[in-house]
Every structure is written in C-alpha cells, then in structure tokens.
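Summary of the model geometry
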Amino acid sequence: MGAKTDQLLIVVSILEGRHFPKSPRLSLVVQARFDGEQLATDPAEHREQPQFSTELAWELDRRTLHQHRLQRTPIKLQCFAVDSVTKQRDSVGYVVLDLRSVQEVKQEPRWYPLLSSKYTKQRPALLLNVVLESDSKSAELSPDRFKAKKAPPLQGQLPLLDRLPALSSPHFISTSATHLLSDRLEAVLISDQGYHQVGPADLCADIFILSVTVAFATKLEQLISSATKLSAEGSEFFFYYNLLGNDITSEPFHNLLSPDFEPERASVRIRSSEQMLRAFLSQQPGLQIHLCCGNHSLGSTDVSLSALSAVSVDLENKAATVEGAFALLPPNRIKQTQPAPPADLQPTVGVAVTLRREDVGQQSAQNKEGSGALPRPSIPPAKQRPRSSSPFLKHPDSSPPAGPPLPPSSSHTESEAESLLEELQRAKEQAGPADSEVPVELHGQPEAAAEAAASSVSVSSPKVSIPTSAHHYCFSLDLRSLGNLNLTHPIAATLRYSYQFFGSAAPIMTNPPVELQRNMTVSLPQSYCAFDFAALPQQLQDTFHRVPLVVEVWHRDSTSRDQLIGRASVQLSHLLSSERSRFLGSTGEQSSRQIHQNRIPVVQTHGPADKVAELSYVATLEDLGVVKPREVIVSDSLQNELPAPAPSSSHPAAAGSSTAPTGPAAPRDTLEYRTALELELWKEEQEDLFDDQLRKKELSHMQALAEEWRRRDREREALVKKKEVEYNLLEEQLQKTLSDLEKREKQLAEAELETQRLQRELRAEHDLGQRELQESSRRLQQDRDHQVALVRDKVRLMEEERGRLLQQIGDAESRYKQLEKDFQLYREQQNIRPEFRLQSEINLLTLEKVELERKLESTTKSKLHYKQQWGRALKELARFKQREQETAMTRLKKQQAELEAMRLRYLATEEREAVRQDRQELDTIKNELNRLKQKENLLGPAPSVSDPAPSVSDPAPGQSLNESTDEHLSRLLEERDTLLRTGVYTHEDRIIAELSRQIQEAMSNRGKL
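Residues numbered from 1 in each chain as written. Predicted model: local features only at pLDDT ≥ 70, side-chain atom pairs only at ≥ 80, totals over all residues. Heavy atoms only, no water.

1. A word on the overall build of the chain
For the chain, the count of helices and strands is 18 helices and 30 strands. The 1009 residues of the chain split such that 33% are buried. A separation threshold of at least 6 residues defines the contact pool for the chain, and within that pool the share at least 24 residues apart is 70%. When the accessible surface of the chain is totalled, it reaches about 62700 Å², and 53% of it is carbon and sulfur. (Helix = DSSP H or I, 4+ residues; strand = E, 2+ residues; numbered from the N terminus. Buried < 20%, exposed > 50% of the residue type's maximum accessible area, 1.4 Å probe, protein only. Contact = heavy atoms within 4.5 Å. Areas by Shrake-Rupley, 256 points an atom, 1.4 Å probe, with all protein chains shown as cover.)

As structure tokens, this is what we get:
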C-alpha cells in the first residue's frame, strides 16, 4: 500500500425540482447510489417545484477517484414517490451523473431531466450541482463519515526487487534481465506515480504508453435474435474490456445497425524496458472485448497482445501498432442454438492497440503542432467513417427534368418518399423563378398586371360544361351471386369492374373474397354500387349499345399473386329495352326507372372461350330528369373573395351630365380600382408566401418521412438478410436432417426386417427347444415311471418276503408253543426224573437255541440285505429328486411322501416285530432260566456226573442276553447311520429321532444288565 494522498469529497447538491404534478398525499425522496453505497434526502412535498436543499457527500482519495474515473463508475440518483399512508415507494425516474465531468472548480447548477419518468405528460427535472472539495479534516475526527469503496486493486504483485542485488554492472544487468525473461512477469500499480511497474525498478526505468482504441463496429445485428428490435428504446449497447485490471467501457449507443459511438482511446503508463515489456506482452492472454447490453455479453473477440510484442518496430523512434477488424463471436450458450453467419455478414469491431515510448509520443505531438497538419489516423474516427449520403441534398445539376405537378401527399405511401422529395424539389425550383418573376412583371407593367388580375378568376377556375338538354341519371349494379364453377380446385373469388362513362375510372371491387367450389352458389358481399352522372339521352344509348360493362373474376391467394379467372360482359343495351316504370323523384318531378336481371357466363381469358362460372346480376337505370343550372357547383374559391367590380352605369346620358366638361375620367385611375388592385396584389403575395410555407413544411415532413423510411428500410434489409441467412442455414440443416431421417428410416426398416427375421428364428428355436424339452420330459417321465415300477416290484417282493418271514415267525411261535408244551411235559417228567430229563431238555433247548440263532442270523442278514437295497433305492430316489426337482417337483414330493409313509410303516412294523420277537425270546429264556434256577434250588446240588454240564450252561443265558443286547444296539446304530448317509434324512426327522431314542434305551438296559 502506498502512502495516503489528499482526501477529497464528492458533493452532490440536490436543490429543487420542477414540472412535478401536485399530489398532497405523496412525498418525494431522492436516493443517490455511488459504488454500492446509498444516501437519501429528507422527504419533500410532492408539488410542482419541490424544494430538497440537500447535499450528499462521499469521501475518497485521489487514487480511488482516478480508478473510479477509469472504470466509469456512475453516480445514480433515483427519485421515489412515497405514500404517506401505506409507505409504498414508486419510482418516478432517475438521473445518471458522469464522474469524469466532476471538477474541483465550483460550477453553476444544471437541470437534469428524469429518465424513464412515469409522468409522461410533463418532463420532471432536478436542479443539481456536483463538485469536488478537499477534505481538510482528518479521518479520526470524523469516523462516522461515509467513505466510498476503493476500486479493486490489480491482481498479483511480484516483488522482484527483493530478489535482485543492487549492482550496476552492465554484464550483471544483461544476465539478470535474461534470467527474468524466463520468469512470469506481472504489472504492479504504483499509484502515487501513476504507472504500472513491469520488471525490477532499477533495471526498467523507461516509460511506455499502451493504448487501446475501439473505433467502429459493423453487422452487430447478427449477434441478436431476429425477434429482438434493433433500435428499441431503453436498450443501451456498449463495448467493455479490461486493460491491466482497469474496466473500460465505451460510450453507449442504441442502434445496432449504425452504431454512433465516438472512438475512445484508453491508455495506461508502463514503466519497464523494451525487452522486458515485450516479454511481458508475450506472456499476457488476449485482450477480450465484449459487446454488452446491460449485464449480458452479446459477443466478444480476442485481440492478441503477444502479436504487439512480435511487431518488429524500434520503440525508441516509432510506435508498434496492431489494428484491424476483429470478428465478434457470440457466447457458447447462444452459439449452440444459433447457426453461424457467413463471412460477409460476420459482426466485426475495429480495434487498434498501440505501444510507444512516452517521449516519442510527446515529440510526435510537438511535430504535429509545429507543422500544423495532423496525419490521418490508421483507424478513422466516427466522423470520418463513410456514411450513406442524405437523399435530401442533391446537386441541382444532377436533378432530372421537371415532371408533372404533385398530387396531395396523403395519396403517397412510405416507399415513394424519395421520389416525392425529388419531385418537391423540382417543383420548388420551378416555382421559385415563377414567384420571383411575378412582382417584376406587376411593377414593370401595371396595366397588364391589372388585366391579368382581373381575368385570373375566369382563366384559372375550372368550369363544368353541361348541355342544357342533359339528363341526370343514376345507374346501379348489384352483383347477386356467383356459381356453377367448372374448375377442379376451389377459388377465393373477388369481382372487379370499371366504366369510365359513369365519371370514375377507379375500379369497383367486392370484398372480402368468397370461397367458391364446384356445384355451389355463393352470394357476393359489398357488391352493390350506384353512379350519378349527367349525359344526353342519345349519348347514353350510343354508349350502352357500343360499350359493354366487363366484370372480371379474380382468384385472390395470400401466398401468391392474384390470378384472373375470367371475364363476364354485361350488355347494358338490354337495360334500355326493359320495361320503364314511372315514379316521383325527391324534387317532385316525374322520373323513370328501368330494371334488368340476368345470369351471364364467365368465360376464360386465355385459351378457348370456355365457361368457367355463372354470374347473376341486377342492373337499374333511373332517369331523374333534366339537369338544372343551379345544381351545377363551380369549384372556384377565389370568386367569393374578390370584391365585385364597380358597376358601370346603364344610363350614359346621366353619367355624362354629372362629369366635368373636360371628359370622363379613366376607370383605372379611380381610387377604388387602385385599392382593388393593391388588394389583389397583396392577396397573391400572401398566397405565394402561404404556398411557400406549405411547400417547406411538406418538404420537411417528407424529409423526415424519407429518413424514417430509410432507417426502417435499413432495419428491414438487415433483418431480411439475417433471416435469409438463418433460413438458408436452417434449410441446410433441415435437408441434412431429412437425409439423416431418410437414412435412419432405411436403417430402421432394415433393422425391423432383421428383427422380424430374428424373431422368426428365435420363435422357431423356441418351438424346437420346447418340443425337445417336452420330449426329454416325456422320456424322463417314462424313465421315472419305470424306476418307480421297479421300486414297487421290489417293495412287493419285500412285502412277500416279509409275509414269509411273518409266516416263519408264526411257525416259530407255534413251535415255541409246542416246545412250551413239551417243556411242561418235561417239567412234569422232570419231577419224576429230574436229572436225565433236565439234561435232555437242556440239550434240546441248546439245539433249539442254536437253530433259533441261525434263523435269527439269517433273518438279520436278510434284513441287512433289505436295508442295503432300501438304501440304494433311497439314494436313487434322492438322485431322481435332485434331477427332476425343477420339472416335476409336485409329483416327486407326492411320491416321496408316499414312499416315506410306506417306509415308515414298514420300518415301524419290522422294528416292532423284531423287538417284540427279541423281547419274547429274551423273556422266554429269562423265565426258563429263572425256573431252572428255582428248580436247582429246590432239588439241591446236582450229582457230580452232571456238574460240568450246568457249570457250562449256567453263564449261557446271561452271556446270550448281553450279546443280543449288543447286537440290537449295533443294529440300531447301523440303521441310523445308514439312513443318515443317504442324505434324505436329518437328525430332526421323526424316524431318526425314534432310532436315537431306542438306542438310548438299549444302552440304558445294557448298563442295567
């Protein structure tokens, strides 16, 4: 930060207003905005001349003021009308003050009109005064005073001086400068000196001026859409760019067709060396210049500053310049939606960037002042730019010969403005000499002038010569309907005719057009017309017999020119031969009326005279009697203005007696004649002056009209060109899109055909796969049915085996009963012979036991074999279930449920029978052993001969009981393990839980034994 400079005050004095409407309910408040901060006046009465008498001040230093002037920071004063009841504020208008025009010298107050005022009938204005005052008070004494914000400082400051030693050796300077050229150079603002420093201060001490000039712009209307008005009120356009951190804007302009801004040059002072400055410019990005409207950028261009450094010019003696017309490109968001214009309609802006030494500029300025001649700048200013020549200023030698006099200006259109102006000028040139010659002739020859004045009325007044025998006629024609169209297409029909004999050559037309189709009759709107004219009866008859009235039928199309369909000839002679009816006219005289109604064909005009339609009409002719002279109106306005000449006496004798004997006085020497002559001369002079003023006013109005027409024509031409370019580009895009659509349609058709083919193939493949799947499912069903049948056969065989085993068990039970009977007998016999009988019975029992064990072993083996077969069947069923799970889940579940129920029943039956049989055997053996023990106890010790036998057979029942329990336990374990290995059952299944319970019981019984 540099040291503080002198403090200044920007003082805006708001004194009073004028042309405000009176409103007692409202009050006026002026709010001033500068650099984002607002100040406001006290409320003032809303009357015609409100008194504000308020000063608003902002504090800032000279450096900040300089930056604000470079950035064109405005002071905006907004005037509001405040409602005293609702406190609602309505904007009345605003005033924008330019900070660059503010001086330290006190100036007189000025009236500033309010812009965009809501009071349109009057133009309210404010009396303002803006001045710069030095602030002598310190900032500490006035802390609450408003201080304006400083403009944004330059970005990036490179302290190169801290990195360079202060050596003055030329060799060191060159090597240091070469080293600095490879670094990134920045421009540092030295505010107190008013320049930017580039490079070290001890090595770079030369002052250079970098100037940017925006000179002109063309084709700016291409940057906005066609719907936007090119010269709309309130829309301001300006150019904006940033030069070394300073925002620069040009003077605003309102018309894009002809931008009328003045070229402005923005310059900055740079302290550096030539080599360092060239390196700095080569590192800088392009200078972006934007065309703005408000806060929006309409287009921008880049001006390369590196090209300025590449210009091979010795800056010691000459300035380096880069200039040209640069193309303005729209923003990316608009560039994507709008097509690019051609090269000849590309919007451009003329920019010149100049770099020179400060002393070179001063020397060139001194040379210019000394020589007194300014060289033409490379880019012309706005006043030197070529403009279209005015249509009003033409050399008199180039004017074409005079034409006929002009008709009234109301009969001309806007497109005839230039030709009317030329004719007005020619008429003025012709009327000028004529008007100047009249007074000369009048003063040179008074008698001839008097005669001309006396006869001017009769010569210049138009007269209507009507014979005394002429009749007043009224002819009316009513075109009723049009029908029987023979064309293939419908038409928008309108009818047109003219008959000069009726006194008017203007065509009579029906309006609006009516749509006519084949086999259809339509009524014609606004088709009745009547003509009043005077003519001789013989002349009327001759004309009606000779000249027919031709009615033309036109087809009116809004997209093309009108087309003549055909003509119909109305023979007016038929009207004369029709019946005549008498009636009393409005004047009480006898009048006659003739009416003729007919349908006539409409024939083609080109080719064969074929009938294209049929026209129905009603013609009426009324004879209102002889024309009276009093009914004839002579259009002579000067006849009533001139005084009547002095009546001559009808009695010459009386006149002669009253005169002097010297003779009668000349009539032109009388006072009345001279007075009348002077009056006529004065009237003619006033008429000439009035005509001259009218011509001047008409010329000025026509000039304004022509200028406005030219301006609008330029706008229309620019818009037409732009729309033509846009339409051409759109047409190309549409053609390209149509070709792409055609290609896409072809591709879609091919893809559709390919899709249909693929669908057919897929459908065929699907049908084939479905058939194969059904066939495989059928085969699998058959296989499974066969396997189920085999399993059922196996189950049936097992059932038969079970029945056989049950039968064997029944036989064993019967034998057991028989043995029990035999044992009973044996016991009875044993009572008689206990030892022998006991021994024999023991032997028999042993044999029976061995036989039973053998049978039990065979039964166990058969049971194991059945279990193995059942396990294989379970595994096969599991594999079958796994393969057929997706196709026949319900059927397999049902079969599995049936098999499982069957297996449970079989296992339960088998286990129940086996357990019952084992228990019975064990109980029998146990009971037998107990009886034997009881018998032994009762009989006493056995003889020695029979001792070994009981000793051998004593442990047999307990040992056999343990062995049977172990076998039963191992069998249960084996069955449970076999069922678990199949994978069909788990520990939670009912049969596995039952087997586990039986295993626990068997183990507990074994432990008890």
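Here the narrative resumes, following the displayed structure.
2. Considerations on the sheet that holds strand β15 (residues 264–272)
Read from one edge to the other, the open sheet built from 6 strands follows the order β10-β11-β15-β12-β19-β18, with strand pairing classed as mixed. Each of the sheet's edge strands pairs with one partner strand only, and the pair in question is β10 (187–190) and β18 (320–327). Each neighbouring strand pair of the sheet contributes to a mean axis angle of 25 degrees, computed without reference to strand direction. Sheet topology note: the strand β11 (residues 195–198)/β15 ladder contains 2 bridges and is parallel. Each residue of the ladder has a partner; that of Q197, found in β15, is R271. Sitting on the sheet, helix α3 (residues 274–283) touches β10, β11, β12 (206–218), β15 and β19 (348–357), and the angle it makes with β15 is about 125 degrees. (Pairing = 2+ DSSP bridges. Axes fitted to C-alpha atoms, helices over the stretch in contact; angles between N-to-C directions.)

3. Re the side chain of H596
Within the secondary structure, H596 is located in strand β29 (residues 590–603). In this structure H596 comes out as buried when scored by relative accessible area, which is 16%. If we ignore the near neighbours within four places in the chain, the residues touching H596 are H574, L575, Y617, V618 and A619.

4. Some points on the packing of aromatic side chains
The geometry of two aromatic rings is summed up by the distance between their centres and the angle between their planes. Counting across every chain of the model gives 17 aromatic pairs. An angle of 25 degrees between the planes, with centres 4.8 Å apart, marks the rings of F502 and F531 as stacked. Highlighted residues: F502 in the loop between β21 (491–499) and β22 (504–509) and F531 in strand β25 (residues 528–535), separated in sequence by 29 residues. We note that F502, like F531, is buried. Among the aromatic residues, ring-to-ring pairing joins Y473, F475, Y499, F501, F502, F531, F533 and F544 into one connected group. Positioned above the aromatic ring of W111 is the side chain of R18, whose terminal nitrogen or guanidinium carbon lies 4.2 Å from the ring centre. The ring centre of F583 lies 4.2 Å from the NZ or CZ of R593, which sits over that ring. (Phe/Tyr/Trp six-rings, centres within 6.5 Å; stacked < 30°, edge-to-face > 60°. Lys NZ or Arg CZ within 6 Å of the ring centre and 35° of its normal.)

5. A word on the pairing of β22
Across 3 bridges, β21 lies against β22 in antiparallel orientation. Among the inter-strand pairings, R496 is bridged to a residue of β22, identified as M509.

6. A few points about unusual backbone geometry
Cis geometry marks the peptide bond from N511 to P512, where omega comes out at 0 degrees. Counting through the fold element by element, P512 comes out in the loop between β22 and β23 (514–516). Residues other than glycine seldom take positive phi values, yet K87 does so here, at roughly 60 degrees. Here K87 lies in the loop between β6 (74–83) and β7 (89–98). Accessibility expressed as a relative area gives 60% for K87, which makes it exposed. One non-glycine residue with positive phi stands out, namely N519, at about 55 degrees. Within the secondary structure layout, N519 lies in the loop between β23 and β24 (521–523). For N519, a relative accessible area of 75% puts it in the exposed group.

7. A few points about a positive patch on the surface
A contiguous patch of positive charge on the surface is contributed by K794, R872, K875 and R981. Locating K794 in the fold gives a position in helix α13 (residues 671–832). (Patch = residues over 30% accessible without salt bridge, like charges linked within 9 Å, V, L, I, M, F, W, Y side chains within 5 Å. Salt bridge = Lys/Arg side-chain N within 4 Å of Asp/Glu carboxyl O. Lys, Arg positive; Asp, Glu negative; His and termini not counted. Charge placed at Lys NZ, Arg CZ, Asp CG, Glu CD.)

8. Overview of the confidence of the model for the chain
On average, residues of the chain score 75 in pLDDT, and 75% of them reach the 70 mark or higher. Taken together, the stretch residues 138–182 has pLDDT below 50 and engages in 69 contacts with residues farther than four places along the chain or on a different chain. The model gives residues 363–424 a pLDDT under 50, and that stretch makes 63 contacts with residues more than four places away or in other chains. (pLDDT = per-residue confidence, 0-100.)

9. Section: the sheet that holds strand β14 (residues 246–249)
What holds strands together in a sheet is hydrogen bonding between their backbones, with the strands either parallel or antiparallel. Strand order in the open sheet formed by 4 strands is β14-β13-β16-β17, with antiparallel pairing between adjacent strands. This sheet does not close on itself; its edge strands, each paired only once, are β14 and β17 (296–303). Across this sheet, the average inter-strand angle for adjacent strands is 25 degrees, counted without regard to direction. Relative to β14, strand β13 (residues 237–243) runs antiparallel, the two being bridged by 4 bridges. Bridge assignment links L243 to a residue of β14, and that residue is N246.

10. Some points on the environment of H555
Mapped onto the fold, H555 is located in strand β26 (residues 549–555). Distance in space between the C-alpha atoms of H555 and V514 is 9.5 Å, their sequence separation being 41 residues. Each residue touching H555, except ones within four places of it in the same chain, is listed here: P490, I491, A492, D562, Q563 and I565. In terms of polar contacts, H555 uses its side chain to reach the backbone amide nitrogen of A492, at 2.9 Å. (Polar contact = N/O pair within 3.5 Å; in protein donor to acceptor, adjacent residues only side chain to side chain.)

11. Points about the nonpolar core
Within the largest apolar cluster, 47 residues are counted, with the highest numbers of intra-cluster contacts made by F239 and Y241. Elements with a minimum of two residues in this core: β12, β13, β15, α3, β16 (287–293), β17, β18 and β19. Those residues in contact with Y241 that sit more than four places away from it in its chain are V212, V214, N246, D247, I248, A266, L287, Q288 and I289. Of all hydrophobic cores here, the second largest spans 40 residues; its members include L477, L540, I600 and V612. (Core = buried A, V, L, I, M, F, W, Y, C linked by side-chain atoms within 4.5 Å.)

12. Digging into the pattern of salt bridges
Going through the model one piece at a time under the given rule, you end up with 42 salt bridges. The partner of E851 in a salt bridge is R854, with the nearest N and O atoms 2.0 Å apart. Of this pair, E851 and R854 both sit in helix α14 (residues 834–883), separated by 3 residues, roughly a single helical turn. Using a relative accessible area of 30% as the deciding quantity, one classes E851 as partly exposed. Residues joined in a network through salt bridges with shared partners are K863, K867, E910, E911, R971 and E975.

13. Here's the deal with the environment of Q526
Among the structural elements, Q526 can be located in the loop between β24 and β25. Accessibility expressed as a relative area gives 61% for Q526, which makes it exposed. C-alpha of Q526 to C-alpha of N511: the two residues are 15 residues apart in sequence and 6.2 Å apart in space. Q526 has contacts with M509, T510 and N511, leaving out every residue within four places of it along the chain.

14. Side note on the side chain of H471
Secondary-structure assignment places H471 in strand β20 (residues 471–483). In this structure H471 comes out as buried when scored by relative accessible area, which is 18%.

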